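If you want the building blocks of each chain, they are given just below.
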Amino acid sequence: MRKRCVVYMLCLALIVAASSALAYNQPPLNLGFTNVLDQPPGPGLYFFEYIQAYEASTFKDGNGNDLAILNGEKLDALISFNQFIYVSNYKVLNGHLGIESILPVVTINTNGLNGFGLSSNPNHFGDILVGPFIQWFNHKLFGLPYLHRFELQFIFPVGAYNNNFILNPGWNIYTIEPYYAFTLFFTPKFSTSWRIHYTFNGENDDPFVGFGVDSIEPGDVFHFNYSFEYEVVKDLRIAVAGYYLKQLEKDGVDGGPVNPPFGFITEEEQVFAIGPALFWSPPGKLAIGLKTAIESAAKNRPEGTRTTLRLIWKF
């Protein structure tokens, strides 16, 4: 029985949150979706489409070593982020008030988890994200052009979730995630963009039945996306882009101390990623970005590669 419980907890390593946060216990998190020129160019209504393919074939423990029981396993996920952003002309604190909403759609594939019967929810809709924000245009920082935004983002557990499945598009917890995003132009051609998050998680009070617990509460997380971009020809920028995540406290189980076999799987998560990116924004309504981020230094997470296509349409 103890061995089987350990196996179930390792299966938890493959749980897929709707925003592609392929993690042990963390909810949907923005890892690498937004970085290059992460600012709307002005007031208006925008539609952002992100299509991200994630592939992982190694799964790390708390020391960054491969989990032997998952040797040879593979996880693939295809995630669609459907986002509407509205930036109004109404001003608060000298910035433009706005709101965004995101509906994720997820498809998950595995190669069977060594025959242990990994189960996945066949539905695809993930948890909805909604956030009011204030966007500032035309500011200066050290005399340089500076666009920045503060948002209070909420993740609502309305996505497909069933505790009879190990893998679910939804996560069954409420999450509050304030973030600050900015783009700083060193020159008209050379800029850097960052989005810095802090994640407060609630409890999943209906976890997978095979775990034999009443609740799991992921620990708080600090994470950010980053890029350094340069315009090589008119309207086309190349960039170095990626993300970093660090969990700041252990996960909680049943509101109390974490006991084996949960101890090794509820430790703090960590991952770093870097890779190339392209962003094309010609005059008109459409802009297109493409990037790949290769993960490293992972702890208590899968370690893989994310490739993201980004489409922006201004109405």
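Since the model is a prediction, treat every value here as computed from it, not as a measurement.

Draft legend 1. Inspection of the packing of aromatic side chains at higher detail. According to the stated counting rule, one finds 20 aromatic pairs in the structure shown. Between the aromatic rings of F33 and Y50, the centroid separation amounts to 5.8 Å while the plane-to-plane angle is 90 degrees, which identifies the pairing as edge-to-face. Separated by 17 residues along the polypeptide, F33 in the loop between α1 (2-11) and β1 (44-59) and Y50 in strand β1 bring together distant segments of the chain. Of the two residues, F33 and Y50, neither departs from the other in class, the shared state being buried. A ring pair is formed by F48 and Y50, whose centres lie 6.1 Å apart and whose planes are at 20 degrees; its orientation type is stacked. Since its relative accessible area comes to 5%, F48 is described here as buried. Each member of the aromatic cluster is reached from another via a ring pair, and the members are W194, F222, F224, Y226, F228, Y244 and F272. Residue placement shows R195 over the ring face of Y179; its charged tip is 4.2 Å from the ring centre.

Draft legend 2. Summary view of the pairing of strand β13 (residues 286-299). Note that strand β12 (residues 270-280) and β13 share eight bridges and pair antiparallel. Within the sheet, the bridge partner assigned to W280 lies in β13 and is I288. Between β12 and β13, which pair antiparallel and follow one another directly, the connecting turn spans five residues, one of which, G284, has a positive phi of 130 degrees.

Draft legend 3. Summary view of the pattern of salt bridges. Scanning the model with the defined rule gives six salt bridges in all. Notably, a salt bridge pairs R301 with E269, separated by 2.8 Å at the nearest N-O pair. Of this pair, R301 sits in the loop between β13 and β14 (302-314) while E269 sits in the loop between β11 (252-253) and β12, and the two are 32 residues apart along the sequence. Of the two residues, R301 and E269, neither departs from the other in class, the shared state being buried. Here E295 ties to R306 by a salt bridge, and the two come within 3.3 Å at their closest N and O atoms. In this pair, E295 sits in strand β13 while R306 sits in strand β14, placing the two residues eleven residues apart along the sequence. Each of the two residues, E295 as well as R306, counts as buried. Taken together, the shared-partner salt bridges in this structure form one network comprising D38, R149 and R195.

Draft legend 4. Structural view of the confidence of the model for the protein. On average, the protein scores 85 in pLDDT, and the residues at 70 or more come to 85%. The model gives residues 1-23 a pLDDT under 50, and that stretch makes 90 contacts with residues more than four places away or in other chains.

Draft legend 5. How the structure looks around a negative patch on the surface. Negative charge collects at one region of the surface, where E203, D205, D206, D214, E217, E249 and D254 lie side by side. With a relative accessible area of 38%, E203 lands in the partly exposed category.

Draft legend 6. Here's a closer look at the environment of L31. Here L31 shows up in the loop between α1 and β1. Its relative accessible area of 0% is what places L31 among the buried residues. In sequence terms L31 and Y243 are 212 residues apart; their C-alpha atoms lie 6.1 Å from each other. Contacts of L31, omitting those with residues within four sequence positions, involve Q52, H223, N225, Y243, L245, R301 and R306.

Draft legend 7. Geometry of unusual backbone geometry. Positive phi is not limited to glycine here, since N138 has a value of about 60 degrees. Of note, N138 is situated in strand β4 (residues 128-141). Residue classification places N138 among the exposed positions, given a relative accessible area of 76%. Even without being a glycine, A297 presents a positive backbone phi close to 55 degrees. Tracing the backbone through its elements, the reader meets A297 in strand β13.

Cut-offs applied
As a convention, each chain's residues are numbered from 1 in the sequence order in which they are written. pLDDT decides what is reported in this predicted model: residues at 70 or higher carry local features, side-chain atom pairs at 80 or more are listed and counted, and totals for whole chains, interfaces and linings draw on all residues regardless. Excluded from the side-chain calculations are hydrogens and water; all other atoms, namely the structure's heavy atoms, are used. Classification of ring pairs rests on two measures: the distance between centres of Phe, Tyr or Trp rings, Trp counted by its six-membered ring, which must be within 6.5 Å, and the angle between planes, read as stacked under 30 degrees, edge-to-face over 60 and tilted in between. Only DSSP runs of H or I with at least four residues qualify as helices, and only runs of E with at least two residues qualify as strands; both kinds are numbered from the N terminus onward. Under the scheme applied here, a residue whose accessible area is under 20% of the maximum for its type counts as buried, over 50% as exposed, and between as partly exposed, the area being computed with a 1.4 Å probe on protein chains only. By definition here, charges over rings are those cases where NZ of Lys or CZ of Arg is within 6 Å of the ring centre and within 35 degrees of the ring normal. Pairing between strands requires that DSSP locate at least two bridges from one strand to the other. Salt bridge, as used here, is a side-chain nitrogen of Lys or Arg placed within 4 Å of a carboxyl oxygen of Asp or Glu. Each residue carries a pLDDT value, the predictor's own confidence for that position, ranging from 0 to 100. When checking whether two residues touch, look at their non-hydrogen atoms; a contact exists if any pair is within 4.5 Å. Each patch is assembled from residues with relative accessible area greater than 30% and no salt bridge, linking like charges that lie within 9 Å and nonpolar side chains (Val, Leu, Ile, Met, Phe, Trp, Tyr) that lie within 5 Å. In these tables, accessible area is a Shrake-Rupley quantity obtained with a 1.4 Å probe, and a residue counts as shielded only by the protein chains included in the view. Positive charge is attributed to Lys and Arg, negative charge to Asp and Glu, and no charge count is given to His or to the chain ends. For the purpose of locating charges, the reference atoms are NZ of Lys, CZ of Arg, CG of Asp and CD of Glu.

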